[in-house]
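Residue-level structural notes
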Amino acid sequence: MFPCLQVHPASSDPPRHHLSSVARHIHGWSWQAFPVGMGTGAVYITLSGIHNHPSWLTTVETVFYSLSIVIFAFNVLMLSLQVTFYPSRTWRLINHPVEGAFIPLMVLCLATIIIGTINYAHSSPQLSYILFWVYVALSLAVCFPMLMIWFGRPHDLTHFTPAYAFLIFPMMLVGVISFNVLSVLDPSDGKSMGILLFGYFFQGLGFFMTFFYICIYVMKIIQTGIYDGHEANSAFIVCGPPGFTALALIHLGQESKNILAYHPDLGLDGSIWYSANVLAALMLYGLAVYFFVFDVLPYTNKLDKQRQGLHDILGYWALTFPNVGWISATRGLGDAFDFHALYTIHLVMTIIVCVIWGVLAVLTALALWRGKILKSSPEDVLKDTRTRFKAERDVEKAQRVSSLNVHQQSRAPSSSPEGVLKDTRSRIKAERDVENAAAASLKVPQQCRAPSPPVVQSFYSPNLWWRVLISWMPSRFVERGSEEL
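Residues numbered from 1 in each chain as written. Predicted model: local features only at pLDDT ≥ 70, side-chain atom pairs only at ≥ 80, totals over all residues. Heavy atoms only, no water.

With that settled, consider the overall build of the protein chain. From N to C terminus, the protein chain includes 19 helices and two strands. The 485 residues of the protein chain split such that 48% are buried. In the protein chain, the share of contacts with a sequence separation of at least 24, taken over all contacts with a separation of at least 6, comes to 83%. Here the protein chain has roughly 23700 Å² of accessible surface; of this, 65% comes from carbon and sulfur atoms. (Helix = DSSP H or I, 4+ residues; strand = E, 2+ residues; numbered from the N terminus. Buried < 20%, exposed > 50% of the residue type's maximum accessible area, 1.4 Å probe, protein only. Contact = heavy atoms within 4.5 Å. Areas by Shrake-Rupley, 256 points an atom, 1.4 Å probe, with all protein chains shown as cover.)

Given below as structure tokens:
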């Protein structure tokens, strides 16, 4: 039933379990592991933009692209096992005010893989077009439910963290995905215009929503000062929205020149679009660089105030991916203004990203080996195991009661409408007991989970749909039975 558990049978009590390291890792895994794959994607994205790109570097980028796929698949596997064996743990992570904000990182990690698939796997234009809409659908399917859950409860702004902006990040990266897809599509194809417009649409939506989070971040540090300890790592997240938007505007502007040239009837000049995009990108690039310098200067002093351990190593991956936007935009601005000094800056920052990735990869592997991260204590695993064991016994008991009631009803069926109504309600009640017992297997103890938003509770509540079903079925059933009689 549970992975890597040795079960010693007992009469009616939950069995004793000898927990293995694998079971504890499955229980302790979280969405905070996805930044490792995003940081790996940051390496080949920045390397691909190096000026005078050597051919051997493409092989290195392909290796990092393949590694990011392996990391993504392993994270999905571990979280799938967690949902299967410890659903209460997964539900707590979803409703957690901080842990829940990391769920959209799964889509962000997929974004880097899509970019690599287009550039290194040389996907066909048709496949690239499909991948674009798959990414858009996943972004909406993940972001909006998580936003409903997150905004469904109040939050103390004195404990605000820029990681909350991850709830919007997938939609903001639609613009980055779009110009990569447009690079392999024919500009004369009508599909290109649709991707161009949707790229601008979601890039604007994502940037301005994350910009509101940046404003709250500035208000927070005005009240409490710059982040201390491991929280100083999350400050680099604010470099992402302006940096990625600058990158998207530069490349979308380039693509708009080619696409709008095939639509003269619209009366839109692609050169004007490109010029306006470069101007806006330059201003956003300045904002991203400012936040980077603002975070780097006090970074060392803030970390020295509190000694950091391997258990906080996952937070350091914020030093990689959020900075990819403005680093890649540096190369784009160098092309736009033919300013070779920007090529040098891009090269230096790319080397720094690669060095940081190497250090973090070693430390993360060491922390994982020593059990410092993504590993639950035996007590936490056993608590969720006993909860699931009891819920499964309740389901079996309710099923036996339901089958007994159905058997009794089949032996002595009623012929009157009142009897039919009574038997129908009894059967529905028995089935409802089975459903409630099954729902209990996913139920988390009230003291260890945050309450769900009222909107989500009311819409997804099984009791609501059971009441609608019960109020409809008996009356229709009796009316049909009366007509037959």
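Mapped onto the elements, Ser234 comes out in helix H10 (residues 231-234). With residues near it in sequence (within four places) discarded, Ser234 still touches Thr161, Pro162 and Tyr227.

This paragraph deals with helix H8 (residues 174-182). For H8, the tally of buried residues reaches nine of nine residues, placing the bulk of the element in the interior. Next to the buried residues of H8 lie helix H5 (105-119), helix H6 (125-151), helix H7 (169-172), helix H9 (190-224) and helix H11 (240-260).

Our next topic: the environment of Leu363. Its location among the elements puts Leu363 in helix H15 (residues 340-369). Of the residues examined, Leu363 reaches a relative accessible area of 31% and is grouped as partly exposed. For Leu363 and Leu310, which are 53 residues apart along the polypeptide, the C-alpha to C-alpha distance reads 7.2 Å.

Turning to the pattern of salt bridges, a few remarks are in order. Scanning all chains against the criterion turns up two salt bridges. In this structure, the salt-bridge partner of Asp335 is Arg331, at a minimum N-O distance of 3.0 Å. Taken together, the residues Asp335 and Arg331, both in helix H14 (residues 324-337) and four residues apart, mark about one turn of the helix. (Salt bridge = Lys/Arg side-chain N within 4 Å of Asp/Glu carboxyl O.)

Our next topic: the confidence of the model for the protein chain. For the protein chain, the average pLDDT comes to 82, and 74% of its residues sit at 70 or higher. In this model residues 1-16 is a low-confidence stretch, pLDDT under 50, and it forms 34 contacts with partners more than four residues away in sequence or in other chains. For residues 442-485, every residue scores under 50 in pLDDT, and the model assigns this stretch 49 contacts once sequence neighbours within four places are set aside. (pLDDT = per-residue confidence, 0-100.)

Let us look at H11. Taking 1.5 Å as the rise per residue, H11 with 21 residues should run 30 Å; its terminal C-alpha atoms sit 29 Å apart, in good agreement. Across the 21 residues of H11, 17 count as buried, placing the element largely inside the fold. (Expected span 1.5 Å × (residues − 1).)

What follows concerns the nonpolar core. Membership of the largest hydrophobic core comes to 125 residues, with the highest contact counts inside it found for Tyr135, Leu173 and Tyr213. Residue contributions to this core peak at eleven residues, all from H6. (Core = buried A, V, L, I, M, F, W, Y, C linked by side-chain atoms within 4.5 Å.)

With that settled, the discussion passes to the packing of helix H2 (residues 34-48) against helix H3 (residues 56-85). It is the contact of H2 with H3, at a shortest axis distance of 9 Å, that shows an interaxial angle of 165°. In this view, H2 runs roughly antiparallel relative to H3, as classed from their interaxial angle. The handedness of the crossing between H2 and H3 is left-handed. Mapping the contact onto sequence places Phe34, Val36, Gly37, Thr40, Val43, Tyr44, Leu47 and Ser48 in H2 and Leu57, Val60, Glu61, Phe64, Tyr65, Leu67, Ser68, Ile71, Phe72, Asn75, Val76 and Leu79 in H3. A per-class count over the contact of H2 with H3 returns 14 nonpolar, five polar and one charged. (Axes fitted to C-alpha atoms, helices over the stretch in contact; angles between N-to-C directions. Parallel < 35°, antiparallel > 145°, perpendicular 65-115°, else oblique. Left-handed = near helix turned anticlockwise from the far one by under 90°. Nonpolar A, V, L, I, M, F, W, Y, C, P; charged D, E, K, R; others polar.)

As a further point, take the environment of Ser271. Structurally, Ser271 can be placed in helix H12 (residues 270-296). On the accessibility criterion, Ser271 (42% relative accessible area) is partly exposed. Separated by 18 residues in the primary sequence, Ser271 and Gly253 place their C-alpha atoms 8.1 Å from one another.

At a minimum axis distance of 11 Å, the contact between H5 and H6 shows a crossing angle of 175°. With respect to H6, the element H5 is oriented roughly antiparallel. Residues Val107, Leu108, Leu110, Ala111, Ile114, Thr117 and Ile118 of H5 form the contact with H6, whose participating residues are Ser128, Leu131, Tyr135, Leu138, Ser139 and Val142. By residue class, the composition of the contact of H5 with H6 is ten nonpolar, three polar and no charged.

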